[in-house]
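# Working through the structure, step by step
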Amino acid sequence: MRFFIDTANLNDIKEANDLGVLDGVTTNPSLMAKEGITGKKKILQHYVDICNIVDGPVSAEVISTDFKGMIAEGEILAALHPNIVVKVPMIPEGIKAIKYFYEKDIRTNCTLIFSAGQALLAAKAGATYVSPFIGRLDDVSTNGLELIAQIRLIYDNYAYDTQILAASIRHPMHIINCAEIGADVMTGPLSAIKALANHPLTDLGLQQFLADYAKGNK
Ligand code: G3P
């Protein structure tokens, strides 16, 4: 399973990258705004800065909602760096744009996926990744993990190349459950990635080993 970090915070991206387990980055306009990155010029530069830290796919989202606008924006984003993946919303104009980018060999991440039907359409259009938002489904009393399992089954039935990028990950159990189901990638915050390492018995065991070593080496 590949690990992407879902943030526009350069410190978090560096910290995850330094762990040696980071495979890519996803961002969205809300995450950019959270870091105070506003205005076209600053946003484009921020994508380049991220690409200079992580050697892997970096999702950069279009904000147009019409086909022409998405194409124009996506081409600018894709030209920024070879690692850029153009993030396109799951709306009819977005499906057309994904097909267009597919034919141009530009990789896409179809975002805001909340149903299996949407994931099927995105795969048929040639999306490189689909991003089902599991945390936001959980927020409205719908099991986000069940959607991941449904999409896995459908993609396997027809051997679609589109990769399942489990998004809106909130905690380590989301990551573990997505790995069990067979999501290709997960994207989550640094806190969820780091939490995977925690176990009280590890801390206790290490404390004991160090204490015993110290006793024997007085
Ligand atoms: O990758 C999608 C993600 O940014 C949404 O996460 O926590 O805002 O639902 P969240």
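Before going into details, it helps to say that this report is about the structure given with it.

Rules used throughout
Residues numbered from 1 in each chain as written. Predicted model: local features only at pLDDT ≥ 70, side-chain atom pairs only at ≥ 80, totals over all residues. Heavy atoms only, no water. Helix = DSSP H or I, 4+ residues; strand = E, 2+ residues; numbered from the N terminus. Buried < 20%, exposed > 50% of the residue type's maximum accessible area, 1.4 Å probe, protein only. Contact = heavy atoms within 4.5 Å. Areas by Shrake-Rupley, 256 points an atom, 1.4 Å probe, with all protein chains shown as cover. Lys, Arg positive; Asp, Glu negative; His and termini not counted. Charge placed at Lys NZ, Arg CZ, Asp CG, Glu CD. Near = heavy atom within 4 Å. Polar contact = N/O pair within 3.5 Å; in protein donor to acceptor, adjacent residues only side chain to side chain. Nonpolar A, V, L, I, M, F, W, Y, C, P; charged D, E, K, R; others polar. Axes fitted to C-alpha atoms, helices over the stretch in contact; angles between N-to-C directions. Parallel < 35°, antiparallel > 145°, perpendicular 65-115°, else oblique. Left-handed = near helix turned anticlockwise from the far one by under 90°. 1 Å grid on protein atoms, 1.4 Å probe; cavity = no way out; pocket = protein on both sides within 12 Å on 5 of 7 lines; lining within 4 Å. Points joined across faces, edges and corners; volume = space filled by probe spheres on them. Phe/Tyr/Trp six-rings, centres within 6.5 Å; stacked < 30°, edge-to-face > 60°. Pairing = 2+ DSSP bridges. Right-handed = clockwise from strand over helix to strand, strands pointing away.

This brings us to the overall build of the protein chain. From N to C terminus, the protein chain includes 11 helices and 8 strands. With the C-alpha coordinates of the protein chain rotated into their principal frame, the extents come out at 75 × 40 × 30 Å. Looking at the protein chain as a whole, 46% of its 218 residues are labelled buried. Contacts in the protein chain between residues far apart in sequence, at least 24 positions, make up 56% of those at least 6 positions apart. As displayed, the protein chain has an accessible area near 11,100 Å², and 56% of this comes from carbon and sulfur atoms. Taken together, the 19 basic and 24 acidic charged side chains of the protein chain have centroids lying 4 Å from each other.

Asp6, Asn28, Leu31, Phe133, Arg136, Ala167, Ser168, Arg170 and Thr187 make up every residue found near the ligand. The side chain of Asn28 places a nitrogen or oxygen atom 2.9 Å from an oxygen atom of the ligand. Arg136 has a polar side-chain atom sitting 2.7 Å from an oxygen atom of the ligand. Within the complex, 82% of the 310 Å² of free accessible area of the ligand lies under protein. A per-class count over the shell around the ligand returns 3 nonpolar, 3 polar and 3 charged.

With that settled, the discussion passes to the packing of helix α1 (residues 10-19) against helix α3 (residues 40-53). Packing of α1 against α3 leaves a shortest axis separation of 10 Å and a crossing angle of 15 degrees. By the criterion of interaxial angle, the relationship of α1 to α3 is roughly parallel. The two elements α1 and α3 cross, and the hand of that crossing is right-handed. Between α1 and α3, the residues in contact are Leu10, Ile13, Lys14 and Asn17 and His46, Asp49, Ile50 and Ile53, respectively. Split by residue class, the contact of α1 with α3 holds 4 nonpolar, 2 polar and 2 charged.

This paragraph deals with the layout of surface pockets. Considered as a void within the structure, the largest pocket measures approximately 390 Å³ in volume. In this structure, the largest pocket is lined by 23 residues; those nearest its centre are Asp6, Asn28, Leu31, Arg136 and Ser168. For the lining of the largest pocket, the secondary-structure elements that each account for two or more residues are β1 (2-6) and α2 (29-34). When its residues are assigned to classes, the lining of the largest pocket shows 7 nonpolar, 9 polar and 7 charged. Here the second largest pocket defines a volume of roughly 310 Å³.

The subject of this paragraph is the packing of aromatic side chains. As enumerated under the stated definition, the model contains 6 aromatic pairs in all. Residues Phe67 and Tyr100 carry aromatic rings whose centres are separated by 6.0 Å and whose planes lie at 90 degrees to one another, so their mutual orientation is edge-to-face. Here Phe67, found in helix α4 (residues 67-80), pairs with Tyr100, found in helix α5 (residues 92-103); they are 33 residues apart in sequence, far enough to count as distant. You can call Tyr100 partly exposed: its relative accessible area is 23%. A ring pair is formed by Tyr158 and Tyr160, whose centres lie 6.1 Å apart and whose planes are at 45 degrees; its orientation type is tilted. Owing to a relative accessible area of 58%, Tyr158 belongs among the exposed residues under this scheme.

Tracing the chain through its elements places Ile113 in strand β5 (residues 108-113). Spatially, the C-alpha atoms of Ile113 and Leu147 are 9.6 Å apart, while their sequence positions differ by 34 residues. The residues contacting Ile113, other than those within four sequence positions of it, are Met90, Gln118, Ala119, Val130, Ser131, Pro132, Phe133, Leu147 and Ile151.

The next point concerns the pairing of strand β6 (residues 129-132). Two faces belong to every sheet, and in a regular strand the side chains alternate between them. Judged by which residues are buried, β6 turns out to be covered on both faces: Tyr129 and Ser131 on one side and Val130 and Pro132 on the other are all buried. By the bridge criterion, 3 bridges tie β5 to β6 in an arrangement that is parallel. Bridged to Asn109 within β6 is Tyr129. Of the crossover connections in this fold, the one passing from β5 over helix α6 (residues 116-125) to the parallel β6 is right-handed. Across 2 bridges, β6 lies against strand β7 (residues 163-166) in parallel orientation. From the neighbouring strand, Val130 faces β7, where its bridge partner is Ile164.

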